[in-house]
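Close look at the chain arrangement
Read off the chains here:
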Amino acid sequence: MTETPLLIIDGANVVGSRPNGWWRDRAGAAARLRDSLAPVATVGLPARLPAPVEVVLVVEGAARNVPGTDGVRVVSAAGSGDDTVVDLVRAAPQRRRLVVTADRELRARVTALGAEVYGPRWLHDAPATS
C-alpha cells in the first residue's frame, strides 16, 4: 500500500462527541470540524499518521450543504452517513483506510472491509486538530 492513506471522518458522530452546543448549529459545527481537519492533509497527525493524507468528511442532515475546502473533501450523504462511509471504504480496497467514528455498528462494518477504526478522541487529541 503505497498510496496516500484515506482518512474518513464520520462527521455527525465526531461532532456529536463533544457537548459544546453543536446541536444549535449542526452545519456550523460540521464546518468548524472541516476547518480543524484542513492541516491534516499536509501535516498529518503527528505520531499517529504521517502526511500526506487524503481527508474526507462525511456529512448528513442539516450539515449536508457544508462545502469542501482545501485539504478536506466533504461528501454529503444522500441517505445514511454510515452507508456513505462504508461505500468510501469499499471503493478503496488497496489503500490504507482509517475511519474515525464511535458508532459500534459502523466500526464493525468497516473493520470487516479491512479499515482501521479510531474513536473521536484519537482525532480530537491530535495536535493538528486541537
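Residues numbered from 1 in each chain as written. Predicted model: local features only at pLDDT ≥ 70, side-chain atom pairs only at ≥ 80, totals over all residues. Heavy atoms only, no water.

Here the focus is the overall build of the chain. Looking only at helices and strands, the chain has 6 helices and 7 strands in total. Relative to its length of 130 residues, the chain is compact, with a C-alpha radius of gyration of 13 Å against a globular reference of 14 Å. Referenced to the eigenvectors of the C-alpha coordinate spread, the extents of the chain come out at roughly 40 × 30 × 25 Å. Counting across all 130 residues of the chain, residues that qualify as buried make up 46%. Seen as two clouds, the 16 positive and the 14 negative side-chain charges of the chain have centres 4 Å apart. (Helix = DSSP H or I, 4+ residues; strand = E, 2+ residues; numbered from the N terminus. Rg over C-alpha atoms; globule rule 2.2 N^0.38 Å. Buried < 20%, exposed > 50% of the residue type's maximum accessible area, 1.4 Å probe, protein only. Lys, Arg positive; Asp, Glu negative; His and termini not counted. Charge placed at Lys NZ, Arg CZ, Asp CG, Glu CD.)

Sheet strands associate in pairs through backbone hydrogen bonding, adopting either a parallel or an antiparallel arrangement. If you trace the 5 strands from one edge of the open sheet to the other, you get S5-S4-S1-S6-S7, paired in parallel fashion. Whereas interior strands pair on both sides, the edge strands pair on one side only; in this sheet they are strand S5 (72-76) and strand S7 (116-118). If you compare each strand with its neighbour and ignore which way they point, the axes differ by 25° on average. Judged from the 5 bridges that link them, strand S1 (residues 6-10) and strand S4 (residues 54-59) form a sheet pairing that is parallel. Considered in S4, the bridge of Ile8 is made with Val56. The sheet contacts of helix H2 (residues 26-37) involve S1, S4 and S5, and relative to S4 the element is tilted by about 175°. Of the strands in this sheet, S1, strand S6 (97-100) and S7 are in contact with helix H5 (residues 104-112), which crosses S7 at around 155°. (Pairing = 2+ DSSP bridges. Axes fitted to C-alpha atoms, helices over the stretch in contact; angles between N-to-C directions. Contact = heavy atoms within 4.5 Å.)

Burial runs high along S1: 5 of the 5 residues are buried. Across the two faces of S1 the burial is the same, with Leu6, Ile8 and Asp10 and Leu7 and Ile9 all buried. Note: S1 against S6, 4 bridges, orientation parallel. In the sheet register, Leu6 faces S6, and the bridge partner there is Arg97.

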